[in-house]
Amino acid sequence: MAYDLEEQEQIDALKAWWKQNARLVSAALLAAALAAAVVSGWRWVQQRQSAQASALYAALEKAVGAGDAQQARQLSAQVMERYPRTAYGPMAALVAAKISFDAGDLKSAGSQLEWATEHARDEETAAVAHLRLAAVRLDERRYDDALAALGEKHPESFDGLYADLRGDVLVAQGKIEEARAAYREALEKLPPGSGFRLMVQAKLDGIGGGT
């Protein structure tokens, strides 16, 4: 094939550029290929870990349903240790905390709930963990820590529950006026058909704040 002078000059220039930059281009292509392989491999690892964690968490739920607290403790610890970066890690921590709380072990329950707040993968799980942590701190009479947990950011749907528990903490501190305000806020935020509203109203009536 014949080329005119201008085309030949362009071809020569391209050959010269390639000769000078071939290694750089090859390295860039290799780096891009490696990066794509790493991303693909990481996704595969995440999917595999999620599947394994799901199976282990299913066994945990089965142990809880059977009332086998010892087995549930062991399984929850395994999920937390092996799969902390999956959604099942914090969920297992919530289960472990309930088992500890029911057994009267507030220290362990608090630690497990703190772990759940740190590893939560979504706002809802974090909100549940902070709410339960506040309840544990209330039972421990660590009122400032309870209020701090209730001050954490959470979805709007949790506002009523957070306000109610804040009222409980304030009552325990003897701050009755603030407690009334918290219970009233809870009544405003809770859904109209919620049976929980009756309990909140009873608390408010009990401290002389009924309407």
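Residues numbered from 1 in each chain as written. Predicted model: local features only at pLDDT ≥ 70, side-chain atom pairs only at ≥ 80, totals over all residues. Heavy atoms only, no water.

Quick word on the layout of surface pockets
Counted as a void, the largest pocket has a volume near 240 Å³. If you trace the largest pocket, you find 15 residues lining it, with F101, L131, R132, A135 and V136 closest to the centre. When contributions to the lining of the largest pocket are tallied by element, the ones reaching two or more residues are helix 3 (88-102), helix 4 (106-119), helix 5 (123-139) and helix 7 (159-172). (1 Å grid on protein atoms, 1.4 Å probe; cavity = no way out; pocket = protein on both sides within 12 Å on 5 of 7 lines; lining within 4 Å. Points joined across faces, edges and corners; volume = space filled by probe spheres on them. Helix = DSSP H or I, 4+ residues; strand = E, 2+ residues; numbered from the N terminus.)

Considering the nonpolar core
In terms of nonpolar packing, the biggest core is built from 34 residues, with L60, A92, L113, A134, L150, Y162 and L165 touching the most fellow members. Contributions of two or more residues to this core are made by helix 1 (5-65), helix 2 (69-82), helix 3, helix 4, helix 5, helix 6 (143-150) and helix 7. Take this core: its biggest share by element is 7 residues, from helix 5. Beyond its immediate sequence surroundings of up to four residues, Y162 is in contact with A126, A127, H130, L131, A149, L150, E152 and H154. In terms of nonpolar packing, the next biggest core, distinct from the first, is built from 11 residues, Y183, A186, L204 and I207 among them. (Core = buried A, V, L, I, M, F, W, Y, C linked by side-chain atoms within 4.5 Å. Buried < 20%, exposed > 50% of the residue type's maximum accessible area, 1.4 Å probe, protein only. Contact = heavy atoms within 4.5 Å.)

A closer look at the environment of L150
Structurally, L150 can be placed in helix 6. L150 sits in the buried class, given a relative accessible area of 4%. When the C-alpha positions of L150 and V169 are compared, they lie 10.0 Å apart, and in sequence the two are 19 residues distant. Those residues within four positions of L150 in sequence are excluded, and the remaining contacts are L131, A134, Y162, L165, R166 and V169.

Quick word on unusual backbone geometry
Positive phi outside glycine occurs at R141, with the angle close to 65°. Mapped onto the fold, R141 is located in the loop between helix 5 and helix 6.

A word on the packing of aromatic side chains
Evaluated as defined, the whole model comprises 2 aromatic pairs. Ring centres of Y57 and Y88 lie 5.7 Å apart, and the angle between their planes is 45°; this geometry places the pair in the tilted category. Of this pair, Y57 sits in helix 1 while Y88 sits in helix 3; the two residues are 31 residues apart in sequence, bridging distant segments of the chain. Look at Y57 and you get buried, because its relative accessible area is 10%. Judged by relative accessible area, Y88 falls into the partly exposed class, the value being 21%. For the ring pair F158 and Y162, a centre distance of 6.4 Å and an interplane angle of 90° mean the geometry is edge-to-face. For the residue pair F158 and Y162, the accessibility class agrees, reading buried in each case. (Phe/Tyr/Trp six-rings, centres within 6.5 Å; stacked < 30°, edge-to-face > 60°.)

Considerations on the side chain of S100
With respect to the helices and strands, the residue S100 is situated in helix 3. With near-sequence residues (within four places) excluded, S100 lies in contact with D105, S108, A109 and Q112.

Looking at helix 4
The first and last C-alpha atoms of helix 4 sit 20 Å apart over 14 residues, in line with the 20 Å expected at 1.5 Å per residue. On its buried face, helix 4 is in contact with helix 2, helix 3 and helix 5. (Expected span 1.5 Å × (residues − 1).)

Points about the confidence of the model for the chain
Per-residue confidence for the chain gives a mean pLDDT of 85, with 76% of residues at or over 70. At the level of individual helices and strands, the chain shows its lowest average pLDDT in helix 1, which scores 65, and its highest in helix 6, which scores 98. Low pLDDT, under 50, characterises residues 37-42; the predicted model gives this stretch 1 contact beyond four residues in sequence or across chains. (pLDDT = per-residue confidence, 0-100.)

Regarding the environment of A129
Among the secondary structure elements, A129 is positioned in helix 5. Sequence-wise, A129 and G110 are 19 residues apart; in three dimensions their C-alpha atoms are separated by 9.8 Å. Apart from residues lying up to four places away in sequence, A129 is in contact with L94, L113, A116 and T117.

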